[in-house]
Amino acid sequence: QVQLVESGGGLVQVGGSLRLSCVASGGTFSNYAMAWFRQAPGKEREFIVSITSRGGTIYAADSVKGRFTTSRDNAKNTVYLQISSLNADDTGVYYCAAAGEPIATRWTVYPYWGQGTQVTVSS
């Protein structure tokens, strides 16, 4: 059983940047592909970006390419989400998730989830 804990969210101005972290415990982190999703109020959970277990391949949604990227440190059981050029549409709760490979974009594939961290972008 994998437990995930996100951190790093907060209030940021339009155009700003954030780095979110997700620390895993309870499993062999390097066995899992990791992904980030977000959910805005009243909207469905949305795939953002994923990374393979060894970090060799990153897949990002078209809506965030060039602004969001992810990385991982398997020695620290941590995956990161670097967000830049934030706009109001980026407001929401950001979740990390873990699953066996191959990586997927559908949230229903991921059995392990963190509790989420809130990102609010203000103008």
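Preceding this paragraph is the structure being described.
Keep in mind the model is a prediction, meaning the values are calculated, not measured.

Draft legend 1. Here's a closer look at the state of the cysteines. As enumerated under the stated definition, the model contains 1 disulfide in all. Disulfide partner of C22: C96, at an S-S distance of 1.9 Å. Here the S-S torsion is close to 55 degrees, and the disulfide linking C22 with C96 is therefore right-handed. Here the residue C22 occupies a position in strand β3 (residues 18-25), and C96 occupies one in strand β9 (residues 92-99), the gap between them amounting to 74 residues. Classification of C22 by relative accessible area gives buried; the value is 1%.

Draft legend 2. Summary view of unusual backbone geometry. With omega at 10 degrees, the peptide bond leading from E101 into P102 counts as cis. Among the secondary structure elements, P102 is positioned in the loop between β9 and β10 (112-113). In this structure, N77 takes a positive phi of about 55 degrees despite not being glycine. With respect to the helices and strands, the residue N77 is situated in the loop between β7 (68-73) and β8 (78-83). The class for N77 is partly exposed, based on a relative accessible area of 26%. One non-glycine residue, S85, adopts positive backbone phi at about 50 degrees.

Draft legend 3. Seen up close, the sheet that holds β8. On the basis of which strands lie adjacent, the open sheet formed by 4 strands has the order β1-β3-β8-β7 and antiparallel pairing. Edge positions in the sheet fall to β1 (3-7) and β7, since each has one partner strand and no second. Strand-to-strand twist of the sheet, defined as the mean angle between neighbouring strand axes without regard to direction, takes the value 20 degrees. For β7 and β8, the ladder comprises 6 bridges, and the chain directions are antiparallel. Each bridged residue has a counterpart across the sheet, and for F68 the counterpart in β8 is I83.

Draft legend 4. View of the packing of aromatic side chains. Taken as a whole and judged by the stated rule, the model has 8 aromatic pairs. Seen in terms of ring centroids, F37 and W113 are 5.0 Å apart; in terms of plane orientation they differ by 50 degrees. Their pairing is tilted. Within this pair, whereas F37 is found in strand β4 (residues 33-39), its partner W113 is found in strand β10, the two being separated by 76 residues in sequence. A relative accessible area of 1% means that F37 is categorised as buried. Positioned above the aromatic ring of W107, the side-chain terminus of R45 is 5.7 Å from the ring centre. Here the guanidinium or amino end of R72 rests over the ring plane of F29, the centre of that ring lying 4.3 Å away.

Cut-offs applied
- Residues numbered from 1 in each chain as written.
- Predicted model: local features only at pLDDT ≥ 70, side-chain atom pairs only at ≥ 80, totals over all residues.
- Heavy atoms only, no water.
- Disulfide = S-S within 2.5 Å.
- Helix = DSSP H or I, 4+ residues; strand = E, 2+ residues; numbered from the N terminus.
- Buried < 20%, exposed > 50% of the residue type's maximum accessible area, 1.4 Å probe, protein only.
- Pairing = 2+ DSSP bridges.
- Axes fitted to C-alpha atoms, helices over the stretch in contact; angles between N-to-C directions.
- Phe/Tyr/Trp six-rings, centres within 6.5 Å; stacked < 30°, edge-to-face > 60°.
- Lys NZ or Arg CZ within 6 Å of the ring centre and 35° of its normal.

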